[in-house]
Each structure stands twice: as structure tokens, then as C-alpha cells.
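Fold and contact review
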Amino acid sequence: MESENYVYKKEIDWSTLMEGFTLPLDNQVIFLRNMENFLQRGQSKIIHFFMNGKTYDAKIVNMNNSVEKRKKDAYQIRYPRNGELSQALQQYFFKSMSYIKMIRENRDPKDRSYIKMPDGLKEYLAIYTTEYEDTFLLEPIAQDDFQVMKKAIQGMRERTVENEIEYEMEDKSSGIEKKLQIVKIRKLNRKIGENLKLLYGYRCQICGQVIGEKYGSHIAEAHHIDYFVNSLNNDANNQMIVCPNHHSVIHDANPVFDRRRMVYRFDNGVEERISLNKHLFIYVK
Ligand SMILES: [Zn+2]
Ligand SMILES: [Zn+2]
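Rules and cut-offs
Along each chain, residue indices are assigned from 1 in the same order as the chain's sequence is written. To label them, take the chains in the order written and letter them from A, then take the ligands in the order written and number them from 1. Per-residue local features of the predicted model are confined to residues with pLDDT of at least 70, and side-chain atom pairs are confined, for both listing and counting, to 80 or more; whole-chain, interface and lining totals are unaffected and use all residues. With hydrogens and water set aside, each side-chain value is computed from the structure's full complement of heavy atoms. UniProt positions are given in the numbering used here, feature names are shortened, and annotations may be inferred rather than shown by experiment. In this description a helix means any DSSP run of H or I spanning at least four residues, a strand means any run of E spanning at least two, and both kinds are numbered starting from the N terminus. Here a donor is an N, O or S atom found within 2.8 Å of the metal, or within 3.2 Å if the metal is Na, K or Ca; sites may look incomplete because water is not among the atoms. Every geometry call rests on angle ranges, with four donors termed tetrahedral when all angles are between 85 and 135 degrees, four termed square planar and six termed octahedral when opposite donors are over 155 degrees apart and all others are between 65 and 115, and everything else termed irregular. Any residue under 20% of the maximum accessible area for its type is buried, any over 50% is exposed, and the rest in between are partly exposed; the area is computed with a 1.4 Å probe on protein chains only. Domain limits in this description derive from either an automatic procedure or a database domain assignment. Two residues qualify as a contact provided that any one of their heavy atoms is within 4.5 Å of a heavy atom in the partner residue. A pairing counts as a salt bridge when a side-chain nitrogen of Lys or Arg comes within 4 Å of a carboxyl oxygen of Asp or Glu. What qualifies as a polar contact is a pair of N or O atoms within 3.5 Å, subject to a donor-acceptor requirement within protein and to the restriction that residues adjacent in sequence count only when both atoms come from side chains. Nonpolar core, defined: a set of buried Ala, Val, Leu, Ile, Met, Phe, Trp, Tyr and Cys residues in which side-chain atoms within 4.5 Å join the residues together. Strands are treated as partners if at least two bridges between them are detected by DSSP. Every axis corresponds to a line fitted to the C-alpha atoms, with the helix fit spanning only the stretch in contact, and the corresponding angles, defined between N-to-C directions, vary from 0 to 180 degrees. Stacked, tilted and edge-to-face are the three classes assigned to paired rings of Phe, Tyr and Trp, where Trp is represented by its six-membered ring and a pair needs centres within 6.5 Å; plane angles under 30 degrees give stacked, over 60 edge-to-face, the rest tilted. As a reminder, the over-ring test applies to NZ of lysine and CZ of arginine, requiring each to be within 6 Å of the ring centre and within 35 degrees of the ring normal.

Per an unreviewed UniProt entry, the chain goes by the name HNH endonuclease and belongs to Blautia wexlerae.

Structural data, given as C-alpha cells:
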């Protein structure tokens, strides 16, 4: 469906399982374009979520009451505690649910600090727009989905996997259930990449060029900084938009990415700085 656009990949946490979450919109080009007149500041609306064949009602609130123009809008999604949606989420993400519950039960009851899922246990909710402005598609991505994906790409080269994501080649060998789970993760991967391409106007984050502009085309590719075959990480913060030449060079020479300085360091001593950056942030593990 062409009208399906990536909105956000929400990491599952206690609040998401219980009553709602915030949508950070900094990089959401298409979503903001669609939402421009949908929700004024301070307003709220009833929206519908479509998930695994069922529809759920929720509320979306534009939290920004400030008249200050420069401040970014912040949207919050809310649904009733123990309502149908939260129950469905708790069921699907029972691994996150039981992990967080266990931590909560074993800590000081006064401790209200945020419980972060460990790296290997993270689960996600992918949110997409649909052709109806008040209806969104939710796609739960649980640990099992990642296991299936991991098996499917085992032994494959990173460049092959990235090409498949980019150019949507499908694997005809696996069964239907498996295929659906693989398609889910591939789709999310590609949508995040597409959104980033729009954010950069198809410019390479290294050389700043748009390839094919002269011919009325624009070719940019999404590269995974930590290789997807190893990390299964398709977060925007692990993707970078590059031209096909820089993409090929990166995979051929395997430079090290220095996130602190935002440079690629090549074995021969050459350093290539990220010249355009609107979405990568420095993080320390
Ligand atoms: Zn380039
Ligand atoms: Zn790549």
C-alpha cells in the first residue's frame, strides 16, 4: 500500500504496555506533512489503530501548548489501562512484560526509575500512516520475529541483505508464517531508510551529492553503520544515507565509523567526515 508511511519505531517499555507513549517527530518528514492541519497545538483527537486484523481506539494529543513557533510539536498517544489495546500489546510482548514485571517486583517500591530492556531482549511497535488520516497501522515486532529474520539472513553478506531491503527482492523459499515475519522487518527497515532519504533530499551524507539529478532521477542508498546481518538494528540512528559510490567504497574498504567525531576512518589513514547530519547522534554504550 503506497499510503503506508513510516512514522515511528517504538521500543517497548512499561508505559507502552500500559497506557501510551510519546511520538518524537523530529525526523518524520511524511508524517508531519500529513499531520499539518490534523491536530492543532493543545488539541486531542480519537484515532484508530489497526493491528493484526483488529481495530482499537486511542487518543492522540498535541502536547505543545506553547505559542512559541520554534518549539517542536510533541504528540502523545494514550489508551485506557487494561483496555483492549493494552491487553493485546501485553499478550504480544509477553517477554517484555514479564521481564519488566520481574524487575518491578524485585526493586524498592519507591524506585520509579525507567526500566530499559537489555539489548538482546528489545521488542518494538512499528507505526505507519494509512490512507485515512485518523487510522494508523501498528505492527508488533517481537523477539521471535528477530529470531526468524536472523535465521533467514544467516551466512548472507551485508551488501546482499541491504540490496534486498533497498530493492525489495523477496525470498521465495520460506513458508508463509516465516515470510510474513521477514517481510515485516524488511518493510520497517526500508521505510526508515526511505524516510531518511526524504530528510536529506536524497543527498549523500558524505559527499553531499544527489546522484542522477541531472537525469531527473535521484539515487541514494541506506547504509547500516553496524552491519544489519550482525546487529539486526534498523534504527534510524544505525542508518546513514549515502550515494552508491560511497556505499560501495564503504563495503569494499570496511572503514571504522567513529561516532564521537562522525568520521569514517579507512585503513590507509584517510578520514571521511559526515558532512550532512540531521539524525545521527553520538552515543556511548
Ligand atoms: Zn557520496
Ligand atoms: Zn551498507
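This part is about the UniProt feature "domain: HNH nuclease" (unreviewed entry) in the chain. When the UniProt feature table is mapped onto this chain, "domain: HNH nuclease" (unreviewed entry) is found at residues 192–248. Between the C-alpha atoms that bound residues 192–248 the distance is 20 Å, and the span itself is 30% helix and 14% strand.

The next point concerns the coordination of the zinc ion (ligand 1). The protein atoms that coordinate the zinc ion (ligand 1) are Cys204 (SG), Cys207 (SG), Cys243 (SG) and His246 (ND1), at distances of 2.1 to 2.3 Å. Considering all four donor atoms around the zinc ion (ligand 1), the spread of angles at the metal, 102 to 116 degrees, places the coordination shape in the tetrahedral class. Going along the chain, you hit the donors of the zinc ion (ligand 1) in the pattern C-x2-C-x35-C-x2-H. A relative accessible area of 31% places Cys207 in the partly exposed class.

Turning our eyes to something else, we now look at the coordination of the zinc ion (ligand 2). The coordination sphere of the zinc ion (ligand 2) contains the protein donors Glu162 (OE), Glu162 (OE), His223 (ND1), His247 (NE2) and His251 (NE2), at a distance range of 1.9 to 2.6 Å. Mapping the donors of the zinc ion (ligand 2) onto the primary sequence gives the spacing E-x60-H-x23-H-x3-H. Linking Glu162 in helix H6 (residues 158–167) with His247 in helix H9 (residues 244–253), this pair joins segments that are 85 residues apart in sequence. Neither residue differs from the other here; Glu162 and His247 are each classed as buried.

Interfaces are often sized by the accessible area lost when the parts come together. You can read the domains of the chain as domain 1 (5–141) and domain 2 (143–273). If you average the C-alpha positions of domain 1 and of domain 2, the two centres end up 26 Å apart. Of the residues lining the interface, 20 residues belong to domain 1; the matching set on domain 2 comes to 16 residues. Ionic pairing is found between Lys95 and Asp144, a salt bridge with its closest N-O pair at 3.2 Å. Where domain 1 touches domain 2, the interface holds nine residue pairs in polar contact (both at pLDDT 80 or more). At four residues, strand S7 (residues 135–141) tops the list of elements feeding residues into the side of domain 1 that touches domain 2.

It is worth spelling out the nonpolar core at this point. Counting 58 residues, the largest nonpolar core has Leu23 and Ile77 as the members making the most contacts within it. Looking at this core element by element, the count peaks at six residues for helix H7 (residues 176–199). Both domains that furnish three or more residues to this core are identified here as domain 1 (5–141) and domain 2 (143–273). When sequence neighbours within four positions are dropped, the list of residues in contact with Leu23 reads Val7, Tyr8, Phe31, Tyr75, Ile77 and Ile127. Core analysis: the second largest hydrophobic core is formed by 13 residues, Met240, Cys243, Tyr264 and Ile274 among them.

Strand order in this open sheet of three strands is S10-S11-S12, and the pairing throughout is antiparallel. Looking at which strands have only one partner, the edges of the open sheet turn out to be strand S10 (256–258) and strand S12 (271–273). Adjacent strand axes in the sheet meet at a mean angle of 25 degrees, parallel and antiparallel pairs treated alike. Both S10 and strand S11 (residues 263–265) contribute to a ladder of three bridges, which runs antiparallel. Of the residues in S11, the one forming a bridge with Val256 is Arg265.

It is worth spelling out the packing of aromatic side chains at this point. What describes a pair of aromatic rings is the distance from one ring centre to the other and the angle between the planes of the rings. Tallying each qualifying case throughout the model produces five aromatic pairs. Geometrically, the ring pair formed by Tyr92 and Phe93 is edge-to-face, given 5.6 Å between the ring centres and 75 degrees between the ring planes. Aromatic side chains Phe257 and Tyr264 sit 4.9 Å apart centroid to centroid with 50 degrees between the ring planes, which places their arrangement in the tilted category. Tyr264 carries the same exposure label as Phe257, and that label is buried. In this structure, Lys187 is placed above the aromatic ring of Tyr128, and the distance from its NZ or CZ to the ring centre is 4.3 Å.

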